[in-house]
Amino acid sequence: MDTESTHSGYSYHSSRSGRSNRHGERSRERHKASSSKDSSRSERSVIINPPDTPSQDSPVQNGEPLPGEPAPPAEHGDEAQDDNWGETTTAVTGTSELSLSQEEVVGLGKGTEDGVQTCRRYVPLALGLCVGLIVLATPLAFLVLPAMMWPDRLQACGAACEGLFLSISFKLLILILAVWALFLRPSRASLPRVCVFRGFLATLTLLLIMSYWLFYGVRILDAQDEDYHGIVQFAVSLVDSLLFVHYLAVVLLELRHLQPCYSVCVIRSTDGETRHYNVGQLSIQRAALSILEFYYRDFPLHNPALLSASKHRAAKHLAGLKVYNVDGSGPASTAGAQPGNGNASRAMVAAAAKRKDNTHNELYYEEADHERRVRKRRARLVVAVEEAFTHVRRMKKEDERAAPSDIMDVREAALAIFPSMARALQKYLRTTRRQHCHSMESIQKHLAFCLVNNMSPKAFLEAYLVPGPTLQYGPERWMADQWTLVSEASVTSSMKEGTEFALRCLDFSLAVTVKSIPYIRVTEEYVDPKSHKFTLLLQSETSV
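An account of the accompanying structure is given in this report. Since the structure is predicted, the reported quantities are computational estimates derived from the model, not experimental observations.

Describing the overall build of the protein
Piece 1. When you go through the protein residue by residue, the secondary structure sums to 15 helices and 12 strands.
Piece 2. Relative to its 544 residues, the protein shows a buried fraction of 28%.
Piece 3. In the protein, of all internal contacts separated by at least 6 residues, the share reaching a separation of at least 24 is 74%.
Piece 4. Surface summary for the protein: the accessible area is close to 36,800 Å², and the carbon and sulfur share equals 57%.

Printed below as a string of structure tokens:
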């Protein structure tokens, strides 16, 4: 099969096929009537020319002429040649000053997406800060405005009024600390929708502030009330109301979901890893966030290399099949069969069905051989690590008697003993298909950590012999910004019995099913203490 070639601004002459020459002659006759007045426009188009076409004067896209160009006459035999056009054709592309590379297009899309994510992350925080400033400034404005607008007519503030000043100061300080502790914490995630309870609390706070401002404007500012003690009490009542709103926020945002109400089943789509968790009254998006936090803590790292064994086995099984044409064409392997040959496909399927009885034997011996190699590599790794740690302990005793200038640093000790175990560790990770999860730098860092804390060889090997949770590995394995929540119900609605949704990532997804925790009824059964008493009667004639 002839290779395809791509050139910019030039045509490529290929004379390997007689069919391509005939095709080129017909194409020249087909495009002979095309003029060169559209050459500037044709520089931006992708043209598929036969090998013998000397130029790109005919701007044809997808086999159809551009508007205003004469339609080429239909010729007999084109359909037969179109089946093999990819073997002898040449793709000629032109460049333009307005063209963009693929990297630039990806960069533009990534920059736009990053801008949207940044906006979605900081806009709610900015709105919350604005509401907080309004809440804190309103009581102070209630106290300052009368003293600025009609100070001469205000009544003197007595001891009770000054005590209210002290009360409002401490209440505002407590409110500031409470708002900081509840609302100004670092955000853990970016959710697709706004939290319903947060929106409700913000609306309630704004309505409360507006109501107090309306009453203040009508009854105090317009009437220029002279009772400053009553004005201070009005400001104190506003601060008390804001404290009660904050208490409501604590109940709705922090306490409502603490009591477990539902049991969720989380299944990873690729390997079927399953976990069960109890959650409280949460919306679907908040439940998805909690499940992802559980996933990073409890689920082992997703390893696509372990899932490719069945695919390789199936490909190896089909590669050994051959299809014979009894009409005289000779044997044809599966790779040489045409895609549209239905008879060959049916023959391969039938042959695979006949051989399926032996598939379990192949799987059994393959898994047994893999387990044997894993045990062998593991034994070599354990011996190599124990010898390296024994050498470190011996050198540590020698360093205690050595001069301070000759003592080796922990990092240097880790680098010194790492080559003795590197080969065995690399072979074991390759056998278990986890070599991409550990870099040499991370292994050396973990080795230095174990040496500093005087850990045993078994403690060092635990990170490599047993697959750990996702958070144990580097941030490049977390895929924290690639999750998509798929749900038929609204993500802001609360969970209920039978709710189902999925969390999709690049290579896999987490299927979540919600079940209600049953109502448990416990009854009491009274046991009389006297019913446990008994009398032991012994006969005097016994030998005891």
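Let's pick the thread back up.
With respect to unusual backbone geometry
Piece 1. The backbone of Gln224 shows a phi angle near 50 degrees, a positive value even though the residue is not glycine.
Piece 2. Within the secondary structure, Gln224 sits in the loop between helix H7 (196-221) and helix H8 (228-255).
Piece 3. Overall, Gln224 belongs to the partly exposed group, its relative accessible area being 29%.
Piece 4. Located in the positive-phi region is Asn454, a residue other than glycine, with phi close to 55 degrees.
Piece 5. Within the secondary structure layout, Asn454 lies in the loop between helix H14 (440-452) and helix H15 (457-465).

Overview of the packing of aromatic side chains
Each pair of aromatic rings is reported with the distance of its centres and the angle of its planes.
Piece 1. Applying the stated criterion to the full structure yields 17 aromatic pairs.
Piece 2. Between Phe165 and Tyr228, the ring centres sit 6.2 Å apart and the planes meet at 40 degrees, which makes this aromatic pair tilted. Of this pair, Phe165 sits in helix H6 (residues 159-183) while Tyr228 is found in helix H8, placing the two residues 63 residues apart along the sequence.
Piece 3. On the accessibility criterion, Tyr228 (10% relative accessible area) is buried.
Piece 4. Within the aromatic cluster, the residues linked to one another by ring pairs are Phe142, Tyr212, Trp213, Phe215, Tyr216 and Phe234.
Piece 5. Above the ring of Phe508, the side-chain terminus of Arg268 is found at 6.0 Å from the ring centroid.
Piece 6. Just above the ring of Phe299 sits the side chain of Arg275; from NZ or CZ to the centre is 5.2 Å.

Focus: the environment of Ile209
Piece 1. Examined against the element boundaries, Ile209 turns out to sit in helix H7.
Piece 2. Residues Ile209 and Ser241 lie 32 residues apart in sequence; the distance between their C-alpha atoms is 9.8 Å.
Piece 3. When near neighbours in sequence (up to four residues on either side) are disregarded, Ile209 contacts Ile134, Val135, Thr138, Leu238 and Leu242.

Focus: the sheet that holds strand S11 (residues 500-504)
Piece 1. Across the sheet, which stays open at both edges, the 5 strands sit in the order S7-S6-S12-S11-S10 with antiparallel pairing between neighbours. Two strands in the sheet have a free side with no partner beyond their single neighbour: strand S7 (274-279) and strand S10 (484-487). Within the sheet, the average angular offset between the axes of one strand and its neighbour, ignoring direction, is 25 degrees.
Piece 2. Note: strand S6 (residues 262-268) against strand S12 (residues 509-516), 7 bridges, orientation antiparallel. Directly across from Tyr262, in S12, lies its bridge partner Ser516.
Piece 3. Across the face of the sheet, helix H9 (residues 284-298) comes into contact with S6, S7, S10, S11 and S12 while running at roughly 55 degrees to S11.

Points about the state of the cysteines
Piece 1. Considering all chains together, one arrives at 1 disulfide under this definition.
Piece 2. What pairs with Cys157 in a disulfide is Cys161, and their sulfur atoms sit 2.0 Å apart. The disulfide joining Cys157 to Cys161 has a torsion of about -115 degrees about its S-S bond and is therefore left-handed.
Piece 3. Under the relative-accessibility criterion, Cys157 is labelled partly exposed at 26%.
Piece 4. Residue classification places Cys161 among the buried residues on the basis of a relative accessible area of 1%.

Digging into the side chain of Ser283
Piece 1. Of note, Ser283 is situated in the loop between S7 and H9.
Piece 2. In this structure Ser283 comes out as buried when scored by relative accessible area, which is 15%.

As for the nonpolar core
Piece 1. With 26 residues, the main nonpolar core has Leu381, Met421, Leu447, Leu451 and Phe460 as its most contacted residues.
Piece 2. Elements with a contribution of two residues or more to this core: helix H12 (359-401), helix H13 (410-431), H14 and H15.
Piece 3. With 9 residues, the single largest contributor to this core is H13.
Piece 4. Of all hydrophobic cores here, the second largest spans 25 residues; its members include Leu154, Ile209, Tyr212 and Tyr228.

Looking at the pairing of S11
Piece 1. Both S10 and S11 contribute to a ladder of 4 bridges, which runs antiparallel. Pairing of Thr484 across the sheet is with Arg504, part of S11.
Piece 2. The sheet contact formed by S11 and S12 spans 5 bridges and is antiparallel. From the neighbouring strand, Ala502 faces S12, where its bridge partner is Ala511.
Piece 3. Turn length for the S11-S12 hairpin, with the two strands adjacent in sequence and antiparallel, is 4 residues.

A short note on the environment of Pro467
Piece 1. As for its position among the elements, Pro467 is in the loop between H15 and S10.
Piece 2. Taking the C-alpha atoms as reference points, Pro467 and Cys437, 30 residues apart in sequence, are found 9.8 Å from one another.
Piece 3. Residues within four places of Pro467 in sequence aside, it is in contact with Pro300, Arg434 and Tyr473.

A word on the packing of H13 against H14
Piece 1. In contact at an axis separation of 9 Å, H13 and H14 are set at 125 degrees when each is read in the N-to-C sense. Here H13 is positioned oblique relative to H14, judged by the angle of their axes. Seen along the crossing, H13 lies across H14 with a hand that is right-handed. Contact with H13, carried on its side by Val410, Arg411, Ala413, Ala414, Leu415, Ile417, Phe418, Met421, Leu425 and Leu429, involves Met440, Ile443, Gln444, Lys445, Leu447, Ala448, Leu451 and Val452 of H14 and no other residues of that element.
Piece 2. Split by residue class, the contact of H13 with H14 holds 15 nonpolar, 1 polar and 2 charged.

What counts and what doesn't
Residues numbered from 1 in each chain as written. Predicted model: local features only at pLDDT ≥ 70, side-chain atom pairs only at ≥ 80, totals over all residues. Heavy atoms only, no water. Helix = DSSP H or I, 4+ residues; strand = E, 2+ residues; numbered from the N terminus. Buried < 20%, exposed > 50% of the residue type's maximum accessible area, 1.4 Å probe, protein only. Contact = heavy atoms within 4.5 Å. Areas by Shrake-Rupley, 256 points an atom, 1.4 Å probe, with all protein chains shown as cover. Phe/Tyr/Trp six-rings, centres within 6.5 Å; stacked < 30°, edge-to-face > 60°. Lys NZ or Arg CZ within 6 Å of the ring centre and 35° of its normal. Pairing = 2+ DSSP bridges. Axes fitted to C-alpha atoms, helices over the stretch in contact; angles between N-to-C directions. Disulfide = S-S within 2.5 Å. Core = buried A, V, L, I, M, F, W, Y, C linked by side-chain atoms within 4.5 Å. Parallel < 35°, antiparallel > 145°, perpendicular 65-115°, else oblique. Left-handed = near helix turned anticlockwise from the far one by under 90°. Nonpolar A, V, L, I, M, F, W, Y, C, P; charged D, E, K, R; others polar.

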